[in-house]
Amino acid sequence: MADTTATPDTALPPVVARKQRWYHSVGGSMVEVFKRDRFARAGFIIYGVMIIIAIFAPLIAPHDPLQVMEIDGIWQTNKTPSREYILGTTNVGRDIFSQLIYGTRPALYVGFSAAFFTVVIGTAVGLTAGYFGGWTDSVLMRITDVAFGIPFTPFVIVLVAFLSPSIWNIVLAMALLFWRDTARVIRSQVLTVRQRSFVQAAKLTGASDFRTIMLYIAPNILALSLLYGTLAIGWAILTEASVSFLGFGDPNVVSWGYMLQDAYISQALARGAYYWFLPPGICIMLAVMAGFFISRGFEEVLFPRLRGR
């Protein structure tokens, strides 16, 4: 594993030293990943393009995604791609291209929210369990074991169906379970880091547990947390698409999974309307691939022996 050891720096003011440690652990890792791995660069570019599309969706999309296109009172249903409708229209006359553009927003909402909770909750649980050990470790790891025992997709479906279909209820379901892998891996890493000389030196100088964790242990495991966070983005987008395809998504929000469900119900595949079901499928695939590509880059930074294999 790459040596990202953070050592006490008495030459710098505490605040500056803390900022430098966090910068090198987070920003430095991401910059190194971007420089080293061309697949990771592709992943960053894909997410960058998606973010731009999501922000400027009202300017890019020619129509409201739920607006029914009509001319002289006649619904423009099942139109094939044309100059006016780039990807055609649905069976009720909605512009498919506009739906595809607006579908980027819920995908990123869910993806980045899941990544946030994966990193924050998983890292907090792993740090606490690994550093303190004892009964704290036992309780937190038993909770993690329970979380591992819950099947993820059925849990999301049941919770969303119980609370009512909503993007934020899907995010809540992910927040309750997505952290478990991160917590287990971070804990094992903390068990190693806490035995290193610079951590022991910090304790001997009277540093509090919170200060020791935040200044000397956390910066050494944050890159690993980010690895799991990037993986969570793709899997969260895929999960939201699956839940929406099954009919448990928010009916008032157009997502890529919603588009696939709409196309499936309308028998678009049987009619050969590839322009309807293929674009959202490709977008979902790209989102998942981007997360995998970035995580692959993090793996090569964290584990240099993987390079060239």
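Being a predicted model, the structure only gives us computed values, none of them experimental. (Residues numbered from 1 in each chain as written. Predicted model: local features only at pLDDT ≥ 70, side-chain atom pairs only at ≥ 80, totals over all residues. Heavy atoms only, no water.)

Trainee: Before we go on, may I ask you to explain the side chain of Asp-95 in this structure?
Mentor: Looking at where Asp-95 falls in the secondary structure, it is placed in the loop between strand E2 (74-75) and helix H4 (96-102). In this structure the side chain of Asp-95 is engaged in a polar contact, spanning 2.5 Å, whose partner is the side chain of Ser-98. (Helix = DSSP H or I, 4+ residues; strand = E, 2+ residues; numbered from the N terminus. Polar contact = N/O pair within 3.5 Å; in protein donor to acceptor, adjacent residues only side chain to side chain.)

Trainee: Would you mind going over the packing of aromatic side chains with me for this structure?
Mentor: Here the distance between the centres and the angle between the planes together describe a pair of aromatic rings. Enumeration according to the criterion identifies nine aromatic pairs in this entry. Ring plane angle 90° and centroid distance 5.0 Å describe the contact between Tyr-131 and Phe-132, whose orientation is recorded as edge-to-face. For Tyr-131, a relative accessible area of 7% gives the class buried. What makes Phe-132 partly exposed here is its relative accessible area of 41%. Cluster of aromatic residues (ring-pair linked, three or more members): Phe-39, Phe-292 and Phe-293. (Phe/Tyr/Trp six-rings, centres within 6.5 Å; stacked < 30°, edge-to-face > 60°. Buried < 20%, exposed > 50% of the residue type's maximum accessible area, 1.4 Å probe, protein only.)

Trainee: I would appreciate a short explanation of a nonpolar patch on the surface in the present structure.
Mentor: On the surface, a cluster of nonpolar side chains totalling about 660 Å² of accessible area is made up of Ile-51, Ile-52, Ile-55, Phe-56, Leu-59, Ile-60 and Phe-112. Mapped by element, the contributors of at least two residues to the nonpolar patch are helix H2 (38-55) and helix H3 (57-60). Its place among the elements puts Leu-59 in helix H3. On the basis of relative accessible area, Leu-59 is assigned to the exposed category, the value being 71%. (Patch = residues over 30% accessible without salt bridge, like charges linked within 9 Å, V, L, I, M, F, W, Y side chains within 5 Å. Areas by Shrake-Rupley, 256 points an atom, 1.4 Å probe, with all protein chains shown as cover. Salt bridge = Lys/Arg side-chain N within 4 Å of Asp/Glu carboxyl O.)

Trainee: Would you explain helix H9 (residues 180-193) in this entry?
Mentor: For an α-helix, the turn length of 3.6 residues means that residues three or four places apart are oriented alike. Given a rise of 1.5 Å per residue, 14 residues ought to cover 20 Å, and the 20 Å separating the end C-alpha atoms of H9 matches this to within 8%. Along H9, the residues that are buried comprise Arg-180, Thr-182, Ala-183, Ile-186, Gln-189, Val-190 and Val-193. Next to the buried residues of H9 lie helix H5 (104-132), helix H6 (134-149), helix H7 (152-163), helix H8 (167-177), helix H10 (197-204) and helix H11 (209-245). (Expected span 1.5 Å × (residues − 1). Contact = heavy atoms within 4.5 Å.)

Trainee: Can you help me understand the pattern of salt bridges in this one?
Mentor: Should the charged atoms of two oppositely charged side chains come close, the side chains can pair. Taken as a whole and judged by the stated rule, the model has three salt bridges. For Asp-137, the salt bridge goes to Arg-187, with nearest N and O atoms at 2.7 Å. Of this pair, Asp-137 sits in helix H6 while Arg-187 sits in helix H9, and the two are 50 residues apart along the sequence. Look at Asp-137 and you get buried, because its relative accessible area is 11%. With a shortest N-O distance of 2.5 Å, Arg-184 and Asp-145 are connected by a salt bridge. A residue pair is termed long-range when its members are at least 10 positions apart, and Arg-184 in helix H9 and Asp-145 in helix H6 qualify at 39 residues. For Asp-145, a relative accessible area of 33% corresponds to the partly exposed category.

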